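Remarks on the overall topology
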Amino acid sequence: MTQDELKTLVGHAALYYVEADSIVGVGTGSTVNKFIDALAAMKDRIAGAVSSSVASTERLQALGIRVFDTTEVDELAVYIDGADEIDHAGYMIKGGGAALTREKIVAAQSRQFVCIADESKYVATLGCFPLPVEVIPMAARRIARQFAALGGTATVRLKDGVPLVTDNGQQILDVTGLKISHPLAFESQVSQWPGVVTVGVFAFQKANVCLLGTPDGVKTLAF
Ligand code: 5RP
């Protein structure tokens with residue numbers, strides 16, 4: 001099976017977690033796009049969605065799914081999103097699609113985080129994937145030096161040759177060379193650095209369930 005087919009598989013499997021008449025939290029990325037496309041088939045049985053990015057909002061609306069603002073909803077039963085890496089405890093690296101800040105906000109508003117991923121994302125220790133960190137641009141150079149002190153190398157993410165601008169008007173640093181053995185402590189530490197908007201380690205907002213796409217089918221991991 002190709003990676004794309006595995007993404008389709010888990011995108012469909014995630015429908016099981018969507019409750020009738022509910023508002024569902026929707027993440028961002030190519031795997032979530034498969035989920036959104038599958039969700040369209042049951043759009044008349046849900047109230048709508050809360051979205052974590054402009055891209056997902058546009059896709060949901062194009063399929064006729066109502067998108068609520070986060071401020072219109074107190075709590076979501078479930079948040080469905082992908083990951084760049086997920087470890088054996090459900091801790092994740094996210095932000096490959098630059099949507100990490102809104103993803104963490106919607107995840108924090110949800111009772112259950114269901115991660116959908118192909119098996120290439122399942123790792124023993126976080127850190128092979130370059131860690132995305134959304135930063136206020138005036139702090140980017142100093143934050144890069146702080147990562148250097150931890151042994152990492154931070155690079156400003158570019159799009160079309162210029163720094164990518166997130167949905168929140170900020171920049172992304174991608175940090176290589178880190179081995180994140182203690183995700184909770186790492187997330188706590190980096191979140192306190194002035195100018196860090198969001199670090200792409202999702203330890204406090206970890207996954208409760210992971211639907212992992214494998215050639216043998218979908219494996220359900222509960223954490
Ligand atoms: C976007 C994310 C995505 O969930 C993550 O990058 C995985 O994306 P994909 O499903 O395309 O592999 O965190 O900010």
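1. Re the overall build of the chain
Scanning the chain from terminus to terminus reveals 6 helices and 16 strands. Against the compact-globule benchmark of 17 Å for 223 residues, the chain has a radius of gyration of 17 Å, which places it among compact chains. Residues classed as buried in the chain amount to 52% of the 223 residues present. Within the chain, contacts between residues at least 6 apart in sequence are counted, and of these 72% link residues at least 24 apart. Carbon and sulfur atoms make up 51% of the accessible area of the chain, which totals about 10,000 Å². Side chains of the chain give 19 positive and 24 negative charges; the mean places of these two sets differ by 5 Å.

2. Let's talk about the sheet that holds strand E15 (residues 209-214)
Spatial ordering of the open sheet is given by E3-E2-E1-E4-E7-E15-E16, a layout of 7 strands whose pairing is mixed. Unpaired on one side and paired on the other, strand E3 (67-68) and strand E16 (217-222) mark the two borders of the sheet. Two elements, E15 and E16, share 6 bridges in a ladder whose sense is antiparallel. Paired with Leu211 across the bridge in E16 is Thr220. Running at roughly 145° to E15, helix H1 (residues 3-13) makes contact with strand E7 (110-118), E15 and E16 of the sheet.

3. Some thoughts on the domain arrangement of the chain
According to the domain assignment, the chain consists of domain 1 (3-123 + 204-222) and domain 2 (131-200). For domain 1 versus domain 2, the separation of C-alpha centres amounts to 23 Å. Facing the 16 residues of domain 1 at the interface are 19 residues of domain 2. Where domain 1 abuts domain 2, roughly 1,400 Å² becomes buried across the two surfaces, and 56% of that area is made up of carbon and sulfur atoms. Applying the counting rule to domain 1 against domain 2 returns 1 salt bridge. In this structure, the salt-bridge partner of Lys104 is Glu187, at a minimum N-O distance of 2.6 Å. Summed over the shared surface of domain 1 and domain 2, the result is 11 residue pairs in polar contact (both at pLDDT 80 or more).

Parameters at a glance
Residues numbered from 1 in each chain as written. Predicted model: local features only at pLDDT ≥ 70, side-chain atom pairs only at ≥ 80, totals over all residues. Heavy atoms only, no water. Helix = DSSP H or I, 4+ residues; strand = E, 2+ residues; numbered from the N terminus. Rg over C-alpha atoms; globule rule 2.2 N^0.38 Å. Buried < 20%, exposed > 50% of the residue type's maximum accessible area, 1.4 Å probe, protein only. Contact = heavy atoms within 4.5 Å. Areas by Shrake-Rupley, 256 points an atom, 1.4 Å probe, with all protein chains shown as cover. Lys, Arg positive; Asp, Glu negative; His and termini not counted. Charge placed at Lys NZ, Arg CZ, Asp CG, Glu CD. Pairing = 2+ DSSP bridges. Axes fitted to C-alpha atoms, helices over the stretch in contact; angles between N-to-C directions. Domains from an automatic or database assignment. Buried area = accessible area lost by both parts, 1.4 Å probe. Salt bridge = Lys/Arg side-chain N within 4 Å of Asp/Glu carboxyl O. Polar contact = N/O pair within 3.5 Å; in protein donor to acceptor, adjacent residues only side chain to side chain.

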